[in-house]
Amino acid sequence: MITEEIKQSVKENVLCWLATSDREGYPTCSPKEAFTTYGENEIVIANIASPGSVKNIESNPNVCVSFINIFKQKGFKLKGTASYLSLDDIGYQKYAEILTPIIGDAFPIKGVIVVVVNKSEPIIAPSYYLVPGTTVESQVSQAKKNYGV
């Protein structure tokens, strides 16, 4: 389910958005700074400061993880089922070990959100299909101008 293209895109991004919903079904979307892929169908996200996301996952495990390269203006939306592993849960250490190099010593990992992905979709800026001649290179160039890079 997680292709090589998705894995590469995850490596290029420094932020993802985790969409959850609470017990009443109200959606919430929050940024996550430390995330990576694991195996062929898992996204692993560090719980650094995510009590709301963890609470929502416990009542409704259906989630969506989105990330986009702001320069290329392309990314992915991954839907699946999440579970939460706290420090003393079996399996926590395995996932924490792959997240630690991303975070370093900056933050403690309070727990790990594991998303088993069952659906993926590309996210592509509309200009790719609405503006003739739009390329990755032209998008990167324009984004750099917009961001003053």
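All residue numbers refer to positions counted from 1 along the written sequence of the respective chain. In keeping with the predicted nature of the model, local features appear solely for residues at pLDDT of at least 70, side-chain atom pairs appear and are counted solely at 80 or more, and the whole-chain, interface and lining totals rest on all residues. Excluded from the side-chain calculation are hydrogens and water; included are all heavy atoms of the structure.

Asks: Which parts of the structure should I look at to understand the sheet that holds strand β3 (residues 35-38)?
Replies: Sheets are built from strands paired through backbone hydrogen bonds, the pairs being either parallel or antiparallel. Pairing between two strands is assigned when DSSP locates at least 2 bridges connecting them. In this text, helices come from DSSP runs of H or I with a minimum length of four residues, and strands from runs of E with a minimum of two, each type numbered from the N-terminal end. Pairing within the open sheet is antiparallel, and its seven strands lie in the order β2-β1-β5-β6-β7-β4-β3. Taken across any chain shown, the strands that pair with only one partner, and hence form the sheet edges, are β2 (27-32) and β3. This sheet shows a mean twist of 30° between the axes of neighbouring strands, independent of strand direction. Here six bridges tie strand β1 (residues 16-21) to β2, and the two strands are oriented antiparallel to one another. Angular values range over 0 to 180 degrees, each being the angle between N-to-C directions of two axes fitted as lines to C-alpha atoms, with helices fitted over their stretch in contact.

Asks: Explain a nonpolar patch on the surface here, please?
Replies: Taken together, the side chains of I68, I70, Y147 and V149 make up a nonpolar region of the molecular surface, amounting to roughly 410 Å² of accessible area. If you trace the backbone, V149 turns up in the segment after α5 (136-147). When a residue's accessible area, from a 1.4 Å probe over protein chains only, is under 20% of the maximum for its type it is buried; when over 50% it is exposed; and in between it is partly exposed. A relative accessible area of 66% places V149 in the exposed class. Like-charged residues within 9 Å of one another, or nonpolar side chains (Val, Leu, Ile, Met, Phe, Trp, Tyr) within 5 Å, are grouped into patches, provided each residue has over 30% relative accessible area and no salt bridge. Accessible surface area values rest on a Shrake-Rupley calculation with a 1.4 Å probe, where residue burial reflects the displayed protein chains alone. Whenever Lys or Arg places a side-chain nitrogen within 4 Å of a carboxyl oxygen from Asp or Glu, that contact is recorded as a salt bridge.

Asks: I would appreciate a short explanation of the pattern of salt bridges in the present structure.
Replies: Close approach of charged atoms lets side chains of opposite charge pair. Per the stated rule, a full pass over the model turns up six salt bridges. For K7, the salt bridge goes to E4, with nearest N and O atoms at 3.7 Å. Here K7 and its partner E4 are both found in helix α1 (residues 4-12), three residues apart, which amounts to about one turn of the helix. Look at K7 and you get buried, because its relative accessible area is 15%. Judged by relative accessible area, which is 58%, E4 ranks as exposed.

Asks: What's the story with the nonpolar core in this structure? I'm lost.
Replies: Residues belong to one nonpolar core when they are buried, are Ala, Val, Leu, Ile, Met, Phe, Trp, Tyr or Cys, and are joined through side-chain atoms within 4.5 Å. In terms of nonpolar packing, the biggest core is built from 20 residues, with I43, I45, V65, F67, I113 and V115 touching the most fellow members. Broken down by secondary-structure element, the contributors of at least two residues to this core are α1, β1, β4 (42-47), α2 (51-59), β5 (62-69), β6 (74-86) and β7 (111-124). No other element matches the four residues that β6 contributes to this core. Two residues qualify as a contact provided that any one of their heavy atoms is within 4.5 Å of a heavy atom in the partner residue. The residues touching F67, leaving out its near neighbours within four places in the chain, are I6, S9, V10, N13, L15, C16, F35, G75, F76, L78 and I123.

Asks: I'm lost on α2 in this one. Help?
Replies: In an α-helix, one full turn covers 3.6 residues, which means residues spaced three or four apart are oriented alike. Within the span of α2, buried status applies to S53, V54, N56 and I57. With its buried residues spanning 165° around the axis, α2 presents them on a single face. When the buried face of α2 is taken as reference, the exposed residues oriented beyond 90 degrees from it are P51, K55 and E58. In this fold, the buried residues of α2 make contact with β1, β2, β4, β5, β6 and β7. What the arc covers is the set of directions going from the helix axis to the C-beta atoms.

Asks: Can you walk me through the packing of aromatic side chains in this structure?
Replies: Aromatic rings in a pair are described by how distant their centres are and how their planes are angled relative to each other. Only Phe, Tyr and Trp rings are paired, with Trp represented by its six-membered ring, and only when their centres lie within 6.5 Å; those with planes under 30 degrees apart are stacked, over 60 edge-to-face, the remainder tilted. Across all of its chains, the model carries four aromatic pairs by this definition. Both rings, one in Y38 and one in Y95, keep their centres 5.2 Å apart while their planes meet at 75°; by these two values the pair is edge-to-face. With Y38 in strand β3 and Y95 in helix α3 (residues 92-103), this residue pair connects regions lying 57 residues apart in the sequence. On the accessibility criterion, Y38 (29% relative accessible area) is partly exposed.

Take it as geometry only, folks, not as evidence of what the structure does.
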